[in-house]
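This is what each chain is made of:
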Amino acid sequence: MGAEFGRRSGGQGRISQWLRGRRPKDVTDDGGREALLLAVAAAGLPLAPAAHPSGYGCSCDRIGCPTPGRHPVSFAWQTQSTTDRAQIERWARHQPQANFITATGMVHDVLDVPREAGLEALERLLADGIDVGPVAESGDDRVLFFTATRGTPEDEDEWWPCELDCHPETMDEHPGLRWHCRGSYALVPPAQLPGGASVNWLRGPEHALPDPLTLLEALTDACARFAGSGAEYEGSAWPLRR
């Protein structure tokens, strides 16, 4: 079904209907925003404040910010990230427009794929009865699959940190599958993006985090079909483990 889905004219409409039936309603009030953030923290995903769109740019002070609304506000975001309810409530209330990121590689990883490939893979995985964890739609171009982290290997030489490859500013260099693990981060819903786009849950944080390897084949197959080849994966930030 997966290989034919992308070629059928009615496929995208069918999955759009499927998603509309499962997508949470947009949350615009502060109470709903805070509740969604606390649900993420309760699932064990550490959070830290991020920038937000401001006019045609970013709320940060950087002139010509390349990733408006998509990056942490503090350079200490990795140590600042927390699941502490009281701290998240303070951040959410004192920074009512702020987006939030979650630091990956501690509790969870994020498999970040082009939207069309991600939606096809999601339908295929659920149809095959595979446990899929939380999934978010990031704007009109990416889908984020939240998984358990693969952990830190005993041999550091087996680890390929994704600090350079999976930060948002490197999107143009790595447009296919991006594996956010140690040293990276991802926006969590609800988040606002430039141009009125947003980050929303397709499957919420109440779903258990799966092993990323159970999703990887479906995601890479879908990415390869939409890309036309696997060439773009050369040099991508996949953790190296034996």
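Scope of this entry: the structure provided in the associated data block. (Residues numbered from 1 in each chain as written. Predicted model: local features only at pLDDT ≥ 70, side-chain atom pairs only at ≥ 80, totals over all residues. Heavy atoms only, no water.)

**A short note on the overall build of the protein chain**
Now for step 1: Helices and strands together make up the secondary structure of the protein chain, namely seven helices and eleven strands.
Now for step 2: Each of the 242 residues in the protein chain was classed as buried or not, and the buried ones make up 49%.
Now for step 3: Contacts spanning at least 24 positions in sequence make up 76% of the contacts within the protein chain whose residues lie at least 6 apart.
Now for step 4: Of the roughly 11900 Å² that the protein chain leaves accessible, carbon and sulfur atoms contribute 49%. (Helix = DSSP H or I, 4+ residues; strand = E, 2+ residues; numbered from the N terminus. Buried < 20%, exposed > 50% of the residue type's maximum accessible area, 1.4 Å probe, protein only. Contact = heavy atoms within 4.5 Å. Areas by Shrake-Rupley, 256 points an atom, 1.4 Å probe, with all protein chains shown as cover.)

**Some remarks on the sheet that holds strand β7 (residues 142-148)**
Pairing between the strands of a sheet comes from backbone hydrogen bonds, and it takes one of two forms, parallel or antiparallel.
Now for step 1: Ordered in space as β8-β5-β7-β6-β11-β10, the six strands form an open sheet in which the pairing is antiparallel. Unpaired on one side and paired on the other, β8 (178-180) and β10 (191-192) mark the two borders of the sheet.
Now for step 2: Two elements, strand β5 (residues 108-114) and β8, share three bridges in a ladder whose sense is antiparallel. Bridge pairing in β8 links V110 to H180.
Now for step 3: Contacts from helix α6 (residues 115-127) reach β5, β6 (135-138), β7 and β11 (198-203), with the element oriented near 45° to β7.
Now for step 4: Of the strands in this sheet, β5, β7 and β8 are in contact with helix α7 (residues 213-227), which crosses β5 at around 15°. (Pairing = 2+ DSSP bridges. Axes fitted to C-alpha atoms, helices over the stretch in contact; angles between N-to-C directions.)

**Quick notes on helix α5 (residues 85-94)**
Now for step 1: Listing the buried residues of α5 in full gives I88, E89, W91 and A92. Angularly, the buried residues of α5 cover 165° about the axis, an arc narrow enough to put them on a single face. Turned more than 90 degrees off the buried face of α5, the exposed positions are R93 and H94. (Arc of directions from axis to C-beta.)

**Looking at the packing of α6 against α7**
Now for step 1: Where α6 contacts α7, the axes come no closer than 8 Å and their chain directions differ by 135°. Regarding the angle of α6 to α7, the classification is oblique. Relative to α7, α6 is oriented so that their crossing is right-handed. Taken together, the residues of α7 that come into contact with α6 (itself represented by E116, A117, E120, A121, R124 and L125) are T214, L215, A218, L219, D221, A222, C223, R225 and F226. (Parallel < 35°, antiparallel > 145°, perpendicular 65-115°, else oblique. Left-handed = near helix turned anticlockwise from the far one by under 90°.)

**Looking at the pairing of β5**
Now for step 1: Of all seven residues that make up β5, six are buried, and the element is covered over most of its length.
Now for step 2: Summarising the sheet, β5 and β7 pair through seven bridges and their orientation is antiparallel. In the sheet register, D109 faces β7, and the bridge partner there is T147.

**As for the packing of aromatic side chains**
Now for step 1: Counted by the stated rule, this structure contains three aromatic pairs.
Now for step 2: On the numbers, 5.0 Å between centres and 75° between planes, the contact of W77 with Y185 is edge-to-face. Taken as a pair, W77 in helix α4 (residues 77-80) and Y185 in strand β9 (residues 185-188) lie far apart in primary sequence, 108 residues in all. Comparing W77 with Y185 shows no difference in burial state: the two are buried.
Now for step 3: Geometrically, the ring pair formed by W91 and F100 is tilted, given 6.3 Å between the ring centres and 45° between the ring planes. The burial state of W91 is the same as that of F100; both residues are buried. (Phe/Tyr/Trp six-rings, centres within 6.5 Å; stacked < 30°, edge-to-face > 60°.)

**Looking at the nonpolar core**
Across soluble globular proteins, nonpolar side chains show a tendency to be buried alongside one another.
Now for step 1: Among the nonpolar cores identified, the biggest contains 28 residues, and L47 and F146 are the most heavily contacted of them.
Now for step 2: Only α3 (30-42), β1 (47-50), α5, β4 (99-103), β7, β9 and β11 provide two or more residues apiece to this core.
Now for step 3: Membership of the second largest hydrophobic core comes to 21 residues, among which are A117, V132, L177 and C181. (Core = buried A, V, L, I, M, F, W, Y, C linked by side-chain atoms within 4.5 Å.)

**Quick look at the environment of A186**
Now for step 1: With respect to the helices, strands and loops of the structure, A186 is situated in strand β9.
Now for step 2: A residue is classified by how much of its surface remains accessible, and A186, at 5% relative accessible area, is buried.
Now for step 3: Separated by 82 residues in the primary sequence, A186 and T104 place their C-alpha atoms 7.3 Å from one another.
Now for step 4: Not counting residues up to four positions away in its chain, the partners in contact with A186 are F100, I101, T102, V110 and L144.

**Focus: the sheet that holds β9**
Now for step 1: If you trace the three strands from one edge of the open sheet to the other, you get β1-β4-β9, paired in antiparallel fashion. Looking along the sheet, the strands with just one partner apiece sit at the ends: β1 and β9. Averaged over all pairs of adjacent strands, the angle between their axes in this sheet comes to 40°, without regard to strand direction.
Now for step 2: Two elements, β4 and β9, share four bridges in a ladder whose sense is antiparallel. Looking at the pairing, I101 lines up with L187 of β9.

Fair warning: the whole summary comes from geometry, so function is off the table for now.
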